[in-house]
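Structural features, examined
Here are the chains, one letter per residue:
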Protein chains: 2
Amino acid sequence: MRPEGRSMRESILAAAVHLFAQYGYHAAPLRDIARMAGIQAASIYHHYPNKQALLIEIMETYMVRLNASLEHVLKEYDDPLQRLHEAIANHIRMHTTYKEEFFIIDTEMRALEDEHKAQIISLRDKYEALLQELLQDGMERGVFRQCDVKVASYAIIAMCTEVATWFRPDGRLSVQQVITSYRQFIAEGLLTTSGITHMPDERAHLL
Amino acid sequence: MRPEGRSMRESILAAAVHLFAQYGYHAAPLRDIARMAGIQAASIYHHYPNKQALLIEIMETYMVRLNASLEHVLKEYDDPLQRLHEAIANHIRMHTTYKEEFFIIDTEMRALEDEHKAQIISLRDKYEALLQELLQDGMERGVFRQCDVKVASYAIIAMCTEVATWFRPDGRLSVQQVITSYRQFIAEGLLTTSGITHMPDERAHLL
DNA sequence: GTCTATATCGGGATAGAC
DNA sequence: GTCTATCCCGATATAGAC
């Protein structure tokens, strides 16, 4: 990084985050990013070589951060169910806390030029591999049922990522309540597990 | 719809679907859509008033179709678990069959101008409401565990939608296998349900 | 480090001939 | 119904002063 000018660099990036998330990469004019950062469009080029560099910096920074947080969870815990619980909580917390940044990661892959796309995709693959490792280990230890770990990892990531699109900090549910819901849903599913299964007779009259 | 010209209208829309999905709405030039349809850019305006109209037609057509298919499932079946199974299968089949169209619906909401955004969102809300109705009914009949039906519906939709991003018809798993995996995952979750829970002793040496 | 001025390009959309 | 020609605008990016 450059020795000075740190603060304006960050202001520009923060503005880019807002506008890329709100309008999309291609629909967000550099002029608007500059205005939000309090400078002229041309001045951005003193801090970043071009518009694409803003996108890359956002995506890389937060994918690296996400991977580090999951690696921390895997290092910290050993029990498969606890690991899964912590991974779910971590994923949801990261995605709701850095809502705009991860939204950009999830929707602007197409906007990446080829050279850097591979780098970002490899970071995403890394994250998936870490989660799959967790699931595989839990399966081998008999905690999780036999299932396709790739498919399971995709399902978990998709549902936990999407939380950020509807979650509101001042809404009906707290983050912790949402995390608890998702943990139970992922671990146990929707069906009633009690011995009283379906009460088919009671339902028969509704047919 | 117009009396004639049906075929070129459809060619243009098909080209728009491809290019919007591949590059995004803003990054897909009308000239490229025209070339793919075999005409000049200006000729598109004989069939559609502007670029935005292409996006609206794609989104509306397939959201209406998706809602109709779920309504059909709810009408056809009564048992909550069977309804859920059919809804999952329907969602995954629709999203893998019309992969590009639903990808556009999921990623280009931002590109909609305000007047039409409300209409598309109401169609999406309708779909969520239908699924929530299914879940609520199943909960009241004791088939599904007590849970937040809104949260559950979001989770199910997110995970089943995302299948389309990685599923390949010539890949390792068939659509039917994927559907079966998701049904089980959603209904029963990841945990081993058998009496043999975790075998804690066997795992102890790994600590 | 930020500015003004400007180059250059490509986009959506329109006019009017055929 | 499709064409050619063109308008007009806004985009990224550059040059060079301060």
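Quick caveat, the model's predicted, so the values are computed rather than measured.

**Side note on the relation of the copies chain B and chain A**
Screw-axis analysis of chain B against chain A gives a translation of 0.0 Å along the axis, an RMSD of 0.0 Å, and a rotation angle of 180°. On the angle and the small slide along the axis, the relation comes out as a two-fold axis. Distance from the rotation axis, computed per C-alpha, reaches its smallest value in chain B at Gly-189 of chain B: 2.0 Å. Here 100% of the interface residues in chain B have copies in chain A that are interface residues too; the copies meet face to matching face.

**Looking at the nonpolar core**
The nonpolar side chains of a soluble globular protein tend to be buried with one another. Ranked by size, the top nonpolar core spans 146 residues in total, and within it Tyr-182 of chain A together with Tyr-182 of chain B carry the most contacts. For Tyr-182 of chain B, the contacting residues outside a window of four places in its chain are Val-151, Tyr-154 and Ala-155 of chain A together with Ile-88, Ile-92, Met-159, Cys-160, Glu-162, Val-163 and Trp-166 of chain B.

**A word on the protein's contact with DNA strand D**
Lining the immediate environment of DNA strand D, one finds 17 residues, of which Leu-30, Arg-31 and Tyr-45 of chain A together with Gln-40 and His-47 of chain B sit closest. In this structure, a base oxygen belonging to DNA strand D sits 3.4 Å away from a side-chain N or O atom of Arg-31 of chain A. One of the backbone nitrogen or oxygen atoms of Gln-40 of chain B is found 2.5 Å away from a phosphate oxygen of DNA strand D. Of all the elements in the fold, those that place two or more residues in the surface near DNA strand D are helix 2 (30-37) and helix 3 (41-47) of chain A together with helix 3 (41-47) of chain B. Broken down by element, the residue count for the surface near DNA strand D peaks at four residues, all from helix 3 of chain B. Taken together, the residues that form the surface near DNA strand D break down as eight nonpolar, six polar and three charged.

**What about the pattern of salt bridges?**
For the coordinates displayed, the defined rule picks out 22 salt bridges over all chains. Salt-bridge contacts for Asp-148 of chain A lead to Arg-172 of chain B; the nearest nitrogen and oxygen are separated by 2.6 Å. Within this pair, whereas Asp-148 of chain A is found in the loop between helix 7 (114-140) and helix 8 (149-166), its partner Arg-172 of chain B is found in the loop between helix 8 (149-166) and helix 9 (175-188), the two belonging to separate chains. Glu-71 of chain B is paired through a salt bridge with Lys-126 of chain B; the nearest N and O atoms lie 2.9 Å apart. With Glu-71 of chain B in helix 4 (residues 51-76) and Lys-126 of chain B in helix 7 (residues 114-140), the pair connects residues that are 55 residues apart, well separated along the chain. Glu-71 of chain B gets classed as partly exposed once you look at its relative accessible area, which sits at 33%.

**Notes on the protein's contact with DNA strand C**
The full set close to DNA strand C counts 17 residues, and Gln-40 and His-47 of chain A together with Leu-30, Tyr-45 and Lys-51 of chain B are the nearest of them. The contact atoms of DNA strand C, taken as those within 4 Å of the protein, divide so that sugar and phosphate hold 63%. Note that a phosphate oxygen of DNA strand C is positioned 2.8 Å from one of the side-chain N or O atoms of Ser-43 of chain A. Interatomic distance of 2.7 Å between a side-chain N/O atom of Tyr-45 of chain B and a phosphate oxygen of DNA strand C. Where the surface near DNA strand C is concerned, the elements lending two or more residues are helix 3 of chain A together with helix 2 (30-37) and helix 3 of chain B. It is helix 3 of chain A that contributes the most residues to the surface near DNA strand C, four residues altogether. Tallied by class, the residues present in the surface near DNA strand C amount to eight nonpolar, six polar and three charged.

**A word on the side chain of Arg-183 of chain A**
Residue and element names in this part refer to chain A. In this fold, Arg-183 is placed in helix 9 (residues 175-188). This buried residue, Arg-183, is left without a salt bridge; Glu-86 holds the nearest opposite charge, at 4.1 Å. With residues near it in sequence (within four places) discarded, Arg-183 still touches His-85, Glu-86, Ile-88, Ala-89 and Gln-176.

**Concerning the environment of Lys-126 of chain B**
Residues and elements named next belong to chain B. Accessibility expressed as a relative area gives 37% for Lys-126, which makes it partly exposed. Here the alpha-carbon distance between Lys-126 and Ala-89, two residues 37 residues apart in the chain, equals 19 Å. Ignoring anything within four residues of it in the chain, the contact list for Lys-126 reads Asn-67 and Glu-71.

**Some words on empty space enclosed by the protein**
Picture a little ball the size of a water molecule; that probe, rolled over the atoms, points out where space is still empty. Evaluation of the coordinates by the stated rule reveals four cavities of 30 Å³ or more. Taken as a whole, the largest cavity encloses approximately 130 Å³ of empty space. Taken together, 17 residues form the lining of the largest cavity, with His-26, Glu-108 and Arg-110 of chain A together with Glu-108 and Arg-110 of chain B sitting closest to its centre. For the lining of the largest cavity, a count of residues per class yields seven nonpolar, six polar and four charged.

**Concerning the packing of aromatic side chains**
The tally for this structure, following the rule as stated, stands at eight aromatic pairs over all chains. Centre to centre, the rings of Tyr-62 of chain A and Phe-102 of chain A are 6.2 Å apart; their planes meet at 80°, and the pair counts as edge-to-face. Taken together, the residues span a long stretch of sequence, with Tyr-62 of chain A in helix 4 (residues 51-76) and Phe-102 of chain A in helix 6 (residues 99-107) at a distance of 40 residues. In this pair, the class of Tyr-62 of chain A matches that of Phe-102 of chain A, namely buried. Geometrically, the ring pair formed by Trp-166 of chain A and Tyr-154 of chain B is tilted, given 5.1 Å between the ring centres and 40° between the ring planes. Placement of Trp-166 of chain A in helix 8 and of Tyr-154 of chain B in helix 8 is noted, with the two residues assigned to different chains. Like Tyr-154 of chain B, Trp-166 of chain A is buried. Through a chain of ring-to-ring contacts, the aromatic side chains of Tyr-62, Tyr-98 and Phe-102 of chain A assemble into a single cluster. The lysine or arginine in question, Lys-51 of chain A, covers the ring of Tyr-25 of chain A, its NZ or CZ lying 4.7 Å from the ring centre.

Rules of the game
Residues numbered from 1 in each chain as written. Chains lettered and ligands numbered in written order. Predicted model: local features only at pLDDT ≥ 70, side-chain atom pairs only at ≥ 80, totals over all residues. Heavy atoms only, no water. Least-squares fit on C-alpha atoms with pLDDT ≥ 70 in both. Contact = heavy atoms within 4.5 Å. Core = buried A, V, L, I, M, F, W, Y, C linked by side-chain atoms within 4.5 Å. Buried < 20%, exposed > 50% of the residue type's maximum accessible area, 1.4 Å probe, protein only. Near = heavy atom within 4 Å. Polar contact = N/O pair within 3.5 Å; in protein donor to acceptor, adjacent residues only side chain to side chain. Helix = DSSP H or I, 4+ residues; strand = E, 2+ residues; numbered from the N terminus. Nonpolar A, V, L, I, M, F, W, Y, C, P; charged D, E, K, R; others polar. Salt bridge = Lys/Arg side-chain N within 4 Å of Asp/Glu carboxyl O. Lys, Arg positive; Asp, Glu negative; His and termini not counted. 1 Å grid on protein atoms, 1.4 Å probe; cavity = no way out; pocket = protein on both sides within 12 Å on 5 of 7 lines; lining within 4 Å. Points joined across faces, edges and corners; volume = space filled by probe spheres on them. Phe/Tyr/Trp six-rings, centres within 6.5 Å; stacked < 30°, edge-to-face > 60°. Lys NZ or Arg CZ within 6 Å of the ring centre and 35° of its normal.

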